[in-house]
Amino acid sequence: MNQKTHTPKVTLVGAGPGDPELLTLKAVKAIQHASVLLVDDLVHPEVLQHASASARIIHVGKRGGCRSTPQAFIEKLMAQEALAGENVVRLKGGDPLIFGRAGEEQTHLQAQGIDVAVINGITAGLAAAHDLGIALTHRAHAHGVIMVTGHASPERSATALPAVDWAQLAHTAHTCRLTLVIYMGVQTASHLQAGLLQGLPGDTPVAVVENASLPTQRHVCTQLNALDKVFEQEQLGSPAIILVGDVLLGLQNLSADNAPASAWGQ
Ligand code: SAH
């Protein structure tokens, strides 16, 4: 039997980067108590083993470039279920607050008098750094980190932000010593490479980590001026994180040419 709630409520839960063991205890508890779960497609299926047998599980994948449930529909469905008294959990990959559209969903739900809670998850950029065995903020090399999307938004509205100025960003990263953690950059890798080369040296270390935290994880270490070639040679695909900066320097000897991706960094 579904557990009904009194105040309409939706919990946005971060399911982490993939490895089901990286769920937080809070996430597990929220999943156990949910009567309806709306699940993104980057969420590992094993995460759903925590759900109650009576819970309704709805898959609402939203991968860029793939057929997926429109965002407006997902928001409507969440509201509808919460207002009907269901205990709704929205399971998202990584952290809901990092490129997870949690802000939009929060605004939409709160406008209808629905309480929104957020439970953090481990974001993919951190899992990628972990898999490489590097510190994103190693103090010999970086003062901080910039998490940025490589996805060029097709939305052209008055409120849409202008596209990322990669040349400017590279200049800032170079002068301020910041590590770049690029999400959703697979499709646009050569475009962002060209922009970044206007502000960062061609031999800046770059790593691409595909399927971070999962047994299928692959990673390649290269230099900024070879990024497009490496993507082609290694047939790197989504989901992947691109890391850029001197914190990767120790990995330089293991380039895409001399190290099979699978034999390194485990
Ligand atoms: N909220 C998520 C990010 C969603 S955007 C988070 O905090 O991680 C989707 C992008 O995240 C993908 O295009 C990819 O760049 C990255 N991503 C998600 N899971 C990943 C994984 N296991 N390995 C590498 N990149 C991943």
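Residues numbered from 1 in each chain as written. Predicted model: local features only at pLDDT ≥ 70, side-chain atom pairs only at ≥ 80, totals over all residues. Heavy atoms only, no water.

A.B. asks: Looking at this structure, I do not really get helix 3 (residues 102-110). What am I missing?
C.D. replies: Structural remark: α-helix, 3.6 residues per turn; residues separated by three or four positions point the same way. Listing the buried residues of helix 3 in full gives Ala102, Glu105 and Leu109. One side of helix 3 carries all its buried residues, which in axial view fall inside an arc of 65 degrees. Packed against the buried residues of helix 3 are strand 1 (9-14), helix 2 (71-83), strand 4 (87-92) and strand 5 (115-119). (Buried < 20%, exposed > 50% of the residue type's maximum accessible area, 1.4 Å probe, protein only. Helix = DSSP H or I, 4+ residues; strand = E, 2+ residues; numbered from the N terminus. Arc of directions from axis to C-beta. Contact = heavy atoms within 4.5 Å.)

A.B. asks: When you look at the site of the ligand in this model, what are you seeing that I'm missing?
C.D. replies: What surrounds the ligand is a group of 17 residues, the closest being Pro17, Ile98, Thr123, Ala212 and Ala240. The separation between a nitrogen atom of the ligand and a polar main-chain atom of glycine 93 is 3.0 Å. Threonine 123 has a polar side-chain atom sitting 2.6 Å from an oxygen atom of the ligand. Here the ligand loses 92% of its free accessible area of 550 Å² to cover by the protein chains. When its residues are assigned to classes, the shell around the ligand shows 12 nonpolar, 4 polar and 1 charged. Counting contributing residues, the shell around the ligand receives three or more from each of domain 1 (9-119) and domain 2 (124-253). (Near = heavy atom within 4 Å. Polar contact = N/O pair within 3.5 Å; in protein donor to acceptor, adjacent residues only side chain to side chain. Areas by Shrake-Rupley, 256 points an atom, 1.4 Å probe, with all protein chains shown as cover. Nonpolar A, V, L, I, M, F, W, Y, C, P; charged D, E, K, R; others polar. Domains from an automatic or database assignment.)

A.B. asks: Can you walk me through the packing of aromatic side chains in this structure?
C.D. replies: Aromatic ring pairs are defined here through the distance separating the ring centres and the angle between the ring planes. For the structure on display, the rule yields 1 aromatic pair. A ring pair is formed by phenylalanine 99 and tyrosine 183, whose centres lie 5.0 Å apart and whose planes are at 55 degrees; its orientation type is tilted. One end of the pair, phenylalanine 99, is in the loop between strand 4 and helix 3; the other, tyrosine 183, is in strand 7 (residues 178-183), and 84 residues separate them in sequence. Classification of phenylalanine 99 as partly exposed rests on a relative accessible area of 38%. (Phe/Tyr/Trp six-rings, centres within 6.5 Å; stacked < 30°, edge-to-face > 60°.)

A.B. asks: How should I be thinking about the sheet that holds strand 10 (residues 240-244) in this particular structure?
C.D. replies: Within a sheet, adjacent strands bond to each other through the backbone by hydrogen bonds, running parallel or antiparallel. Taken together, the 5 strands give an open sheet; going across it, the order is 6-7-10-8-9, and neighbouring strands pair in mixed fashion. Each end of this open sheet is capped by a strand with a single partner; those strands are strand 6 (144-149) and strand 9 (218-223). Looking at each pair of strands side by side, their axes are set apart by 20 degrees on average, direction ignored. Bridge count between strand 6 and strand 7: 6 bridges; the pairing is parallel. Residue pairing for strand 7: glycine 144 is matched across the bridge by leucine 178. Sitting on the sheet, helix 4 (residues 124-132) touches strand 7, strand 8 (205-210), strand 9 and strand 10, and the angle it makes with strand 10 is about 70 degrees. (Pairing = 2+ DSSP bridges. Axes fitted to C-alpha atoms, helices over the stretch in contact; angles between N-to-C directions.)

A.B. asks: Please clarify how the sheet that holds strand 4 should be interpreted in this entry.
C.D. replies: With parallel pairing, the 5 strands of this open sheet are ordered in space as 3-2-4-1-5. Taken across any chain shown, the strands that pair with only one partner, and hence form the sheet edges, are strand 3 (56-59) and strand 5. Going across the sheet, the axis of each strand differs from the next one's by a mean of 20 degrees, ignoring polarity. Inspection of the sheet shows strand 2 (residues 36-39) paired to strand 4 by 4 bridges, in the parallel sense.

A.B. asks: Which parts of the structure should I look at to understand the pattern of salt bridges?
C.D. replies: Close approach of charged atoms allows side chains of opposite charge to pair. Within this structure, the stated rule accounts for 7 salt bridges. Residues aspartate 40 and arginine 90 are paired through a salt bridge, measuring 2.7 Å at the closest nitrogen-oxygen approach. With aspartate 40 in the loop between strand 2 and strand 3 and arginine 90 in strand 4, this residue pair connects regions lying 50 residues apart in the sequence. Here aspartate 40 and arginine 90 have matching classes, each one buried. Its salt-bridge partner being arginine 218, residue glutamate 210 comes within 3.1 Å of it at the nearest N-O pair. Residue classification places arginine 218 among the partly exposed positions, given a relative accessible area of 22%. (Salt bridge = Lys/Arg side-chain N within 4 Å of Asp/Glu carboxyl O.)

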